[in-house]
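Structural overview
Okay, here's what each chain looks like letter by letter:
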Protein chains: 2
Amino acid sequence: MKKFILIPDSFKGTMSSAEVCDIMRRAILAHFPDAETISVPVADGGEGSVDAFLTALGGEKVVCTVKGPHGHPAESFYGLIHGGKTAVIEMAAAAGLPMMGDALDVLGATTYGVGELLLRAAKSGAEKIVMGLGGSATNDGGCGAAAACGVKFYDADGNTFVPVGATLANIAKIDASGLDPALRGITIETMCDIDNPMYGESGAAYVFAPQKGADTQEKITILDNGLRHLASIISRDLGITVDTIPGAGAAGAMGAGMVAFFGSVLKMGIETVLDTVDFDTLLKNADLVLSGEGRIDSQSVRGKVVVGIGRRAKKQNVPLIAIVGDIGTKDDDGDMTAVYAEGVTAVVSINRIAVPFKEAKPRAKNDLYHTVDDLMRVLKIGR
Amino acid sequence: MKKFILIPDSFKGTMSSAEVCDIMRRAILAHFPDAETISVPVADGGEGSVDAFLTALGGEKVVCTVKGPHGHPAESFYGLIHGGKTAVIEMAAAAGLPMMGDALDVLGATTYGVGELLLRAAKSGAEKIVMGLGGSATNDGGCGAAAACGVKFYDADGNTFVPVGATLANIAKIDASGLDPALRGITIETMCDIDNPMYGESGAAYVFAPQKGADTQEKITILDNGLRHLASIISRDLGITVDTIPGAGAAGAMGAGMVAFFGSVLKMGIETVLDTVDFDTLLKNADLVLSGEGRIDSQSVRGKVVVGIGRRAKKQNVPLIAIVGDIGTKDDDGDMTAVYAEGVTAVVSINRIAVPFKEAKPRAKNDLYHTVDDLMRVLKIGR
């Protein structure tokens, strides 16, 4: 075994994907000291995504100051990869929940700074921007970001304003003609792993706003009605139907805003990662791909990281082993036939003793190391 | 992969070694349909040991009636393997705890029927007898078995009697000259996996008699003093020091009796199994050995089944994978360096989701199947 590709998702709440890569790499090199290991920690668009791309591909982290979600200046960053041809932004870096500290304010929080990052990235000369959603403090449908880039929002009196969650219902008209030219002709791809629509009971306000500080039904209703109104104005003034797009509700309906204001597509995060790192080329001459995630589930093969990778690996006949926390759930029989069919050669759990998750979690890094170590021992048998 | 040897211990309380063999075999044949699989369910000397040997080697199960531990006739059996040259006896078949039903009586129970089995086996023409200890209802130091084979026990009045736990202290003299000639010149090997001495706080009475019905300190003291007395008479009349032999306390001090009255050696069960099935010959041309047990522990490598097998496999450079329940304990880091050093190539846990043992147990057979299935998938990568 000479060439290994390590491309795990995070084990949510237990290990970041970068940590998983490091542990896998150590265990592999203990048995195959001359092997080439390529680490691609999988980004999901949320916090850490820029670093994940920089780890996989190298590049430059650009630090800058933008307007934070609270309206005050805040330090932020974006990444440049592919020699500056591609910029990577995680919206959490300019509108992230932790940036609000204890003063959560989903009705007032803005994505304005995310727009500033988009503009800076576009003006840096990037030909493509990858936007990661997730971890946001906002529910403004991306209006703040759009305003930062030149889109005009008018109220009933004809005055321009920058809408926030609480004031979406005041939008009387949208004029997108002023969008900064730097953003035209650039491909923008938005990483989005959730299916939620823009509004309604499965929408941004009902599902995600409570954890951002919408602690009463009244606040949720204001936000939900605002998004519903925004969708109708977008439809009327921009001619784009966003409300039913799966993922439009992601990140306080930033998904909808990316489509409506920036002409972006919403794409499964893993597909963006695989395309961005040119996974198909990495696969050439690879002997083994190791992926992984906190739990693999044969029921929902859609959008799962491991399965997305499996489909690519299968095309080139490169074996893929998934190292996971749990295989299936307490309620199924752990049969992975559907997963194997998608190009996953074998599934291995890091659970090494029978303990509940609460006790397994603090052991996870150690157990992962030993599991990969044993896996390498087994692989050497086959040689 | 063409030739697999399956030689697991039982997963105590969860799966018998024969069940483990069957599950492993099914999973292997799903991937290597033309492979030869040799199943050697490991016997520990306790209940099921005769069947285990018959499964591994073929042979004849001889059913007969002997005196049960309660003194009444009971159906029993022994096994003949190697074309009748070797007999296998499990003492649980003639003095087993379940044979007592609800009327446990460790002070009165006898191993007389075990002696009858020994005598029948010897008279059948067997050149060697393998005796399995474990699961006994008795604490008679093997005096019952010895009496059945012609050894005479005298009390202070010069009368012969068959000592039981309660009457060991009445033995004034032992005369072994009447031992049936059929038993002379026969090799008797006793499987014994425990270290307990004959008497004292780690001895048979203190450690094992309570679970056989010695429910007061007074009863335990009677049994312990009886064994202490027996040891002194054995030493004086037979010239054999048994009290400090590790394992002398096994099965109500049947370990001591096997040594003193039958000239047997006490041997780790796994070593007896490996010798009896001629494991070293089985290993020739084997591609892989799969073993397993409920838990593997790097701390105590002595006497563990997997490690015993590893030492043999290592000599012939045949890889060995241990499929186990738990790898290590909650209190260690699961490092198996000491186990690998003993010839275990890799260790794989059947735990596939993070649940406590109570929940893992009913899933175990299913989890074992899937674990071996995934292991075969990994092994095929290496080819």
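Relevant structure appears above.
Everything in this summary refers to the structure shown in the same document. (Residues numbered from 1 in each chain as written. Chains lettered and ligands numbered in written order. Predicted model: local features only at pLDDT ≥ 70, side-chain atom pairs only at ≥ 80, totals over all residues. Heavy atoms only, no water.)

**Focus: the overall build of chain A**
Assigned secondary structure in chain A consists of 14 helices and 13 strands. A globule of 383 residues ought to have a C-alpha radius of gyration of about 21 Å, and chain A, at 22 Å, matches this closely. Residues counted as buried form 59% of the 383 residues belonging to chain A. The contacts in chain A between residues at least 6 apart in sequence include a share of 72% that link residues at least 24 apart. On chain A, roughly 14400 Å² of surface is accessible, and the fraction owed to carbon and sulfur atoms is 49%. Computed over 36 positive and 46 negative side-chain charges, the inter-centroid distance for chain A is 5 Å. (Helix = DSSP H or I, 4+ residues; strand = E, 2+ residues; numbered from the N terminus. Rg over C-alpha atoms; globule rule 2.2 N^0.38 Å. Buried < 20%, exposed > 50% of the residue type's maximum accessible area, 1.4 Å probe, protein only. Contact = heavy atoms within 4.5 Å. Areas by Shrake-Rupley, 256 points an atom, 1.4 Å probe, with all protein chains shown as cover. Lys, Arg positive; Asp, Glu negative; His and termini not counted. Charge placed at Lys NZ, Arg CZ, Asp CG, Glu CD.)

**Section: empty space enclosed by the protein**
Scanning the entire structure with this criterion turns up one cavity of 30 Å³ or more. The volume enclosed by the largest cavity comes to roughly 230 Å³. Taken together, 19 residues line the largest cavity, and the ones lying closest to its centre are V348(A), S349(A), V348(B), S349(B) and T371(B). Sorting the residues of the lining of the largest cavity by element identifies strand 13 (346–349) and helix 14 (364–382) of chain A together with strand 13 (346–349) and helix 14 (364–382) of chain B as the ones contributing at least two each. A breakdown of the residues in the lining of the largest cavity according to their chemical character gives nine nonpolar, six polar and four charged. (1 Å grid on protein atoms, 1.4 Å probe; cavity = no way out; pocket = protein on both sides within 12 Å on 5 of 7 lines; lining within 4 Å. Points joined across faces, edges and corners; volume = space filled by probe spheres on them. Nonpolar A, V, L, I, M, F, W, Y, C, P; charged D, E, K, R; others polar.)

**Description of the packing of helix 9 (residues 269–276) of chain A against helix 11 (residues 305–315) of chain A**
Residues and elements named next belong to chain A. With their axes 9 Å apart at the nearest point, helix 9 and helix 11 run at an angle of 40° to one another. The angle between helix 9 and helix 11 falls in the class oblique. In the packing of helix 9 onto helix 11, the handedness of the crossing is right-handed. Of helix 11, the residues touching helix 9 (which contributes I270, E271, L274 and D275) are V305, G308, I309 and R312. Considered class by class, the residues forming the contact of helix 9 with helix 11 number four nonpolar, one polar and three charged. (Axes fitted to C-alpha atoms, helices over the stretch in contact; angles between N-to-C directions. Parallel < 35°, antiparallel > 145°, perpendicular 65-115°, else oblique. Left-handed = near helix turned anticlockwise from the far one by under 90°.)

**With respect to the pairing of strand 5 (residues 86–90) of chain A**
Residue and element names in this part refer to chain A. Of all the five residues making up strand 5, five are buried; the element is thus mostly covered by neighbouring parts of the structure. Alternating positions in strand 5 separate into two faces, T86, V88 and E90 on one and A87 and I89 on the other, with burial throughout. Linking strand 4 (residues 73–81) to strand 5, which pair antiparallel, is a turn of four residues; within it H82 sits at a positive phi near 55°. Relative to strand 6 (residues 128–132), strand 5 runs parallel, the two being bridged by five bridges. Bridge pairing links V88 to V130 in strand 6. (Pairing = 2+ DSSP bridges.)

**A word on the relation of the copies chain A and chain B**
Aligned on chain B, chain A shows an RMSD of 0.1 Å; the corresponding rotation is 180° and the shift along the axis is 0.0 Å. What we have between these two chains is a two-fold relation. Considering only C-alpha atoms, the residue of chain A closest to the rotation axis is G382(A), which sits at 2.1 Å. Of the residues that chain A buries at the interface, 100% are likewise interface residues in chain B, meaning the two copies contact each other through the same surface. (Least-squares fit on C-alpha atoms with pLDDT ≥ 70 in both.)

**Considerations on the layout of surface pockets**
Residues and elements named next belong to chain B. Here the second largest pocket defines a volume of roughly 1000 Å³. Considering the residues around the second largest pocket, the lining is formed by 45 residues, among which D9, S10, K12, D44 and K304 are closest to the centre. Going through the elements one at a time, helix 8 (250–262), strand 11 (288–296), strand 12 (320–327), helix 13 (357–360) and helix 14 are the ones with two or more residues in the lining of the second largest pocket. A per-class count over the lining of the second largest pocket returns 18 nonpolar, 14 polar and 13 charged.

**Focus on the interface of chain A and chain B**
Tallying the contact residues gives 40 residues for chain A and 40 residues for chain B. Both sides of the chain A and chain B interface together cover about 3200 Å² of buried area, and 58% of this is carbon and sulfur. When residues of chain A are sorted by the area they lose upon contact with chain B, R352(A), A354(A) and I381(A) head the list and together hold 19% of the total. Our enumeration of links across chain A and chain B arrives at two salt bridges. The shortest N-O distance in the salt bridge between E359(A) and K330(B) comes to 3.3 Å. For the interface between chain A and chain B, the tally reads 19 residue pairs in polar contact (both at pLDDT 80 or more). Only strand 12 (320–327), strand 13, helix 13 (357–360) and helix 14 of chain A provide two or more residues apiece to the side of chain A that touches chain B. Per-element tally for the side of chain A that touches chain B: the top contributor is helix 14 of chain A, with 10 residues. Tallied by class, residues from the side of chain A that touches chain B come to 18 nonpolar, 10 polar and 12 charged. (Buried area = accessible area lost by both parts, 1.4 Å probe. Salt bridge = Lys/Arg side-chain N within 4 Å of Asp/Glu carboxyl O. Polar contact = N/O pair within 3.5 Å; in protein donor to acceptor, adjacent residues only side chain to side chain.)

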